[in-house]
Amino acid sequence: MARRVVITGVGLLTPLGLDAASTWEGVVAGKSGIARITRFDAEAAGMACTIAGEVKGFDPEPYINRKDARKMDTFIQYGVAAASMALADSGLEIDGGNADRVGVIIGSGIGGLPSIEATMLAYQKGGARKISPFFIPRTIINMTSGWVSMLTGAKGPNSATVTACATGTHAIGEAWRLIAGGEADAMLAGGSEACICVLGVGGFAASKALSTRNDDPQAASRPWDQSRDGFVMGEGAGVMMLESLESAKARGATIYAELVGYGMSGDAYHITAPSPGGEGGARCMEAALKSAGLAADSVDYVNAHGTSTPAGDLAETSGIKRVFGDHARKIMVTSNKSMIGHLLGAAGGVEGALTALSIYHGVATPTINLENPGEGCDLDYVANAARDADIQVAVSNSFGFGGTNASLVFKKI
């Protein structure tokens, strides 16, 4: 029989704060973390989009010594920081007695793009001698999990997911499977991303995926609103400590929520566009509910992918209606991206953690900037103000380029 898995630690680093407490306070208050890009001069670079959700004031030194930090791209630093926070929050001590039963799965959608960009510029100016010996380990995606393992002593399963914007959710789901199947007792799992750079912003802008509401950054990310014009890039990390229920109970740990289901699907349709009517996402949610052994009408809340793109928001709404039928009208559906932007590979880690916190605190976080819902966007999106709610069962969705989908089901315990 599969073991039950619970959330005992949360680590967040987002455009709204440098820890879980400040991020949670910001999303409940409906605060926006979107502003003008400061990492480079986007206007001088001729970018159509000049806004993003940057992490502000981050200092790696509380988590990583200066020498090691220089060997890491920013996405690794963010992931290590979030994992350190999740471990500390959980109160779990990793030692010789349990190290091989504690693992790490922290992924990224893109990885060390800023380091790739900077290294190429350095090469063009000074030739091969300007390529750092740390270039490769600074940029490859599994190095976040590797560094977390080295810094914490976790010797259990160690891996990384790379599934575009579904990365963090897939990482958490795979960690859940390892614990449920008895291969680990605890896992640090989630995603990290830091690609607000010329190539990152320029690439998404060239594909016309980004909002160009540059004159009003805080109102630019507006899921389901009829004036939505694309997503806003964000950055950061979200990592949770997943643990077997028996382990958590044995040490008297705080339990935020139970993770009871995980589903995946592929659209088999298009590299960037969602499948018609949200069919792929719907099958993913159905698979997650089936693995949880729960009926559709048991769900109270959906933390949606909700990117603020014209096609994506409508497809997800249609998918929710496919899965939940008439019950869809009774479900609260929210998008954290309205406040923090789209954190790409880190989105699922952050939003999964916020879903667990919503259950724990009894609060449905809002979707801000929703003034006039677009055609077909007619569910309860908890518009513009948080709502006290007894959330018993919640679903967290992440859908990525390539038609990759992931859903998690959380339950109050």
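As shown above, the structure is provided for reference.
In every chain, residue numbers begin from 1 and rise along the written sequence. Reporting in this predicted model follows two pLDDT cut-offs: at least 70 for local features of residues, and 80 or more for side-chain atom pairs to be given and counted; totals over whole chains, interfaces and linings ignore these cut-offs and use all residues. Excluded from the side-chain calculations are hydrogens and water; all other atoms, namely the structure's heavy atoms, are used.

Caption draft 1: Structural context of the nonpolar core. For the purposes of this section, nonpolar cores are sets of buried Ala, Val, Leu, Ile, Met, Phe, Trp, Tyr and Cys residues that join through side-chain atoms within 4.5 Å. Three labels apply to residues, based on accessible area from a 1.4 Å probe with only protein chains included: buried if under 20% of the type maximum, exposed if over 50%, partly exposed otherwise in between. Ranked by internal contacts, the top residues of the largest apolar core, which has 47 residues, are Ile7, Val10, Leu12, Met240, Leu242, Ile391 and Phe410. Residues count as neighbours in contact if any of their non-hydrogen atoms are within 4.5 Å of one another. When neighbours within four sequence positions are excluded, isoleucine 391 is seen to be in contact with Asp300, Tyr301, Met332, Ser358, Ile359, Val363, Ala364 and Lys412. In terms of nonpolar packing, the next biggest core, distinct from the first, is built from 32 residues, Ala69, Ala86, Ala154 and Ala186 among them.

Caption draft 2: Inspection of the environment of methionine 285 at higher detail. Each helix corresponds to a stretch of at least 4 residues labelled H or I by DSSP, and each strand to a stretch of at least 2 residues labelled E; elements are numbered beginning at the N terminus. The topology assignment puts methionine 285 in helix α10 (residues 279–292). Take methionine 285: its relative accessible area is 2%, and that puts it in the buried class. As a C-alpha pair, methionine 285 and serine 396 span 111 residues in sequence and 9.0 Å in three-dimensional space. For methionine 285, the contacting residues outside a window of four places in its chain are Gly319, Ile320, Val323, Phe324, Val395, Asn397 and Ser407.

Caption draft 3: Fine view of the packing of helix α1 (residues 20–28) against helix α13 (residues 347–361). Note on definitions: angles span 0 to 180 degrees between N-to-C directions of axes, and those axes are lines fitted to C-alpha atoms, for helices only across the stretch in contact. At a minimum axis distance of 11 Å, the contact between α1 and α13 shows a crossing angle of 75 degrees. Here α13 runs roughly perpendicular to α1, going by the angle between their axes. Of the residues in α13, those touching α1 at Thr23, Trp24 and Val27 are Leu354, Leu357, Ser358 and His361. Charged residues are taken to be Asp, Glu, Lys and Arg, nonpolar residues to be Ala, Val, Leu, Ile, Met, Phe, Trp, Tyr, Cys and Pro, and polar residues to be all remaining types, Gly included. In terms of residue class, the contact of α1 with α13 is built from four nonpolar, three polar and no charged. By the definition adopted for this analysis, an angle is roughly parallel if under 35 degrees, roughly antiparallel if over 145, roughly perpendicular if from 65 to 115, and oblique otherwise.

Caption draft 4: Broad picture of the state of the cysteines. A pair of sulfur atoms, both from cysteines and within 2.5 Å, is called a disulfide here. Tallying each qualifying case throughout the model produces zero disulfides. Lacking any disulfide linkage, cysteine 165 is separated from the closest cysteine sulfur, that of cysteine 195, by 9.3 Å. Note on cysteine 165: relative accessible area 10%, which makes it buried. Cysteine cysteine 195 remains unbridged, with the sulfur of cysteine 197 as its closest cysteine sulfur at 6.2 Å.

Caption draft 5: Highlighting a nonpolar patch on the surface. Residues qualify for a patch when their relative accessible area is over 30% and they have no salt bridge, like charges being joined within 9 Å and the nonpolar side chains of Val, Leu, Ile, Met, Phe, Trp and Tyr within 5 Å. Computed with a 1.4 Å probe, the accessible areas rest on the Shrake-Rupley method; for each residue, only the protein chains presented here act as cover. By convention in these notes, a salt bridge is any Lys or Arg side-chain nitrogen within 4 Å of a carboxyl oxygen on Asp or Glu. Together, Met120, Tyr123 and Ile131 make up an exposed nonpolar region whose accessible area comes to about 270 Å². Structurally, methionine 120 can be placed in helix α4 (residues 113–126).

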